[in-house]
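Below are the chains, spelled out letter by letter.
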Amino acid sequence: MTSTAVPTATGVRTVSAARRWAMLAAGTGAQAATAAMVTAPSFLIPELHRPVAEGGYGMSLAEAGLVASASMTGMMVTLVLWGLVVDRRGERFALLAGLVVTALGGASAAALASPWPMAVALGFAGIGAAATNSASGRVVVGWFPPERRGIAMGIRQTGQPLGVGIAAGTVAVIAHHHGIGPALWVPTAAAVLVAALVAVVVLDPPRPPVAAAVAALNPYRADHYLTRIHAASVLLVVPQFLVWTFGLTWLVDDLGWSPGIAGLVVAGTQVAGAAARIGAGWASDLVGSRMRPMRAVALLAAATMALLGLAATGTDRSGVVTGLAVVLLVVASAVTVADNGLAFTAVAERAGPFWSGRALGLQNTAQHLAAVAVPPVAGLTITAWGYGAAYALAAALPLLAVAVVPVGGERRIDA
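Residues numbered from 1 in each chain as written. Predicted model: local features only at pLDDT ≥ 70, side-chain atom pairs only at ≥ 80, totals over all residues. Heavy atoms only, no water.

## Section: the overall build of the chain
- Looking only at helices and strands, the chain has 21 helices and two strands in total.
- When burial is assessed residue by residue, the chain has 58% of its 415 residues classed as buried.
- Of the contacts formed within the chain by residues at least 6 apart in sequence, a portion of 83% connects residues at least 24 apart.
- Counting every atom, the chain has about 14,900 Å² of accessible surface; 71% of that belongs to carbon and sulfur. (Helix = DSSP H or I, 4+ residues; strand = E, 2+ residues; numbered from the N terminus. Buried < 20%, exposed > 50% of the residue type's maximum accessible area, 1.4 Å probe, protein only. Contact = heavy atoms within 4.5 Å. Areas by Shrake-Rupley, 256 points an atom, 1.4 Å probe, with all protein chains shown as cover.)

Set out below in structure tokens:
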């Protein structure tokens, strides 16, 4: 069995290849479970929006979008704090604590099952979910060598689309037939199971001597490299969350699909998204750059969202949808998430072992500031102009991101 040797303050720490990949699996599982919790409310929108006379809650799309953003809001406001916990207390502690909080919040939301009280509990679940973003990313960067980090982080980043896929394939149909409370037990149970796995397999990655931490400089003061990655990621996350949040609702409301079939289709798009993240990570290892593939992804995202906007505008209200529109939804769901692992790896590598937690927290905070605004703003846009217009308008943002992604100057600060 091969092993990985990692320099530490006192020499070399070695873990087996099996343990290293097991930790990657645990980090990916943690990301999937918390992503399912954060995005599950988006798949409750059809039930929240359904008229009271038909057994729903009669909320407007904007109101339902606000409830759906509660978990994302909880995550957003605590990402940097959890990053500080990772930098100071370690990855294992942060992962376990975050998953426990996620499970408690999810269980409370499931028990309440009333939109506005449920939103408060989901906000608490989102607070716990924030821990996995920095902690599981640092586990990958700390235990994998630079030439393997791209694909390793790509695999870890599949946790997010896989978590969305789990939520899409279960939450909508359970909510439709059994209510929104039972639907939320799916991500809650996932958080409990993954917490047990993390407790068994995850070890904190080694770090340089403490003296090096004292001497470490704030990477944000050196140049604008990290800031530009954050800004580009914000622009790219809008079409991603637009498709995730309203793709299912578009199929149900505009095209007349059943929630069960629509949920399965959206779940399937997440498989494509997972493959896209792994492919982008592999490409970045191959070319020795995270930013060149990121610019290519931005161009593809702009083109795909524009075409999806045209297809959504062209479909009628009778429930008839062309094969092209479905293919474009799948492609858009894959392309718009492919950049996440690239940016995450580049941020962790550039920030170094004593700033990566906070830097990854800032990366996710910036993205979620935009993501939290997507459901209510897109809901208003769709109400006024339709789904096609919302998709087409979102195409402008990844096009702008092409100019923001840093060009050249890539370097790594490793533990």
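## Here's the deal with the packing of aromatic side chains
- Going through the model one piece at a time under the given rule, you end up with two aromatic pairs.
- For the ring pair Trp21 and Phe144, a centre distance of 5.1 Å and an interplane angle of 85 degrees mean the geometry is edge-to-face. Here Trp21 is found in helix H1 (residues 17-39), whereas its partner Phe144 is found in the loop between helix H7 (115-143) and helix H8 (146-157), with 123 residues between them in sequence.
- Relative accessible area serves as the criterion here: at 33%, Trp21 is assigned to the partly exposed category.
- With a centroid separation of 5.8 Å and an interplanar angle of 80 degrees, the aromatic rings of Trp250 and Tyr391 are classed as edge-to-face. Taken as a pair, Trp250 in helix H14 (residues 225-254) and Tyr391 in helix H20 (residues 387-394) lie far apart in primary sequence, 141 residues in all. (Phe/Tyr/Trp six-rings, centres within 6.5 Å; stacked < 30°, edge-to-face > 60°.)

## A word on the environment of Ala167
- Secondary-structure assignment places Ala167 in helix H9 (residues 159-178).
- Among the residues examined, Ala167 registers a relative accessible area of 2% and is labelled buried.
- Separated by 16 residues in sequence, Ala167 and Ala183 place their C-alpha atoms 8.8 Å apart.
- Ignoring any residue separated from it by four or fewer positions in sequence, one finds Ala167 in contact with Ala36, Thr39, Ala40, Phe43 and Ala172.

## Focus: the nonpolar core
- Membership of the largest hydrophobic core comes to 121 residues, with the highest contact counts inside it found for Phe43, Leu44, Trp250, Met305 and Leu308.
- The element best represented in this core is H14, accounting for 17 residues.
- Three or more residues apiece are contributed to this core by two domains, here domain 1 (16-205) and domain 2 (219-414).
- When near neighbours in sequence (up to four residues on either side) are disregarded, Phe43 contacts Val164, Ala167, Ala168, Val171, Ala172, Trp244, Leu248 and Val266. (Core = buried A, V, L, I, M, F, W, Y, C linked by side-chain atoms within 4.5 Å. Domains from an automatic or database assignment.)

## Digging into the packing of H14 against H20
- Taken N-terminus to C-terminus, the directions of H14 and H20 make an angle of 165 degrees; their axes are 11 Å apart at the nearest point. Classed by the angle they form, the pair H14 and H20 counts as roughly antiparallel. Crossing angle aside, the handedness with which H14 passes H20 is left-handed. Here H14 contributes Pro239, Leu242, Phe246, Gly247, Thr249, Trp250, Asp253 and Asp254 to the contact with H20, which in turn contributes Tyr387, Ala390, Tyr391 and Ala394.
- Within the contact of H14 with H20, the residues separate by chemical class into eight nonpolar, two polar and two charged. (Axes fitted to C-alpha atoms, helices over the stretch in contact; angles between N-to-C directions. Parallel < 35°, antiparallel > 145°, perpendicular 65-115°, else oblique. Left-handed = near helix turned anticlockwise from the far one by under 90°. Nonpolar A, V, L, I, M, F, W, Y, C, P; charged D, E, K, R; others polar.)

## Re the environment of Arg277
- With respect to the secondary-structure elements, Arg277 resides in helix H15 (residues 259-287).
- By relative accessible area, which is 1% here, Arg277 ends up buried.
- Linking Arg277 and Thr158, residues 119 residues apart in sequence, is a C-alpha distance of 6.4 Å.

## A closer look at the pattern of salt bridges
- All chains considered together, the criterion is met by three salt bridges.
- The shortest N-O distance in the salt bridge between Arg50 and Glu47 comes to 2.6 Å.
- Exposure remark for Glu47: the relative accessible area of 5% places this residue in the buried category.
- We note a salt bridge from Arg350 to Asp223, for which the minimum N-O separation is 2.7 Å. (Salt bridge = Lys/Arg side-chain N within 4 Å of Asp/Glu carboxyl O.)

## Section: the side chain of Asp339
- Locating Asp339 in the fold gives a position in the loop between helix H17 (323-335) and helix H18 (340-351).
- Buried and unpaired, Asp339 has no salt bridge, with Arg277 as the nearest side chain of opposite charge at 7.0 Å.
- When residues no more than four places from it in sequence are discounted, the contact partners of Asp339 are Leu236, Met294 and Val297. (Lys, Arg positive; Asp, Glu negative; His and termini not counted.)

## Focus on the confidence of the model for the chain
- In this model, the chain carries a mean pLDDT of 81, and residues with pLDDT of at least 70 account for 90%.
- Confidence scores differ between elements of the chain, with strand E1 (residues 3-8) showing the lowest mean pLDDT of 47 and helix H11 (residues 185-201) the highest of 93.
- Within the model, the stretch residues 4-12 combines pLDDT values under 50 with 22 contacts to residues more than four positions away or in other chains. (pLDDT = per-residue confidence, 0-100.)

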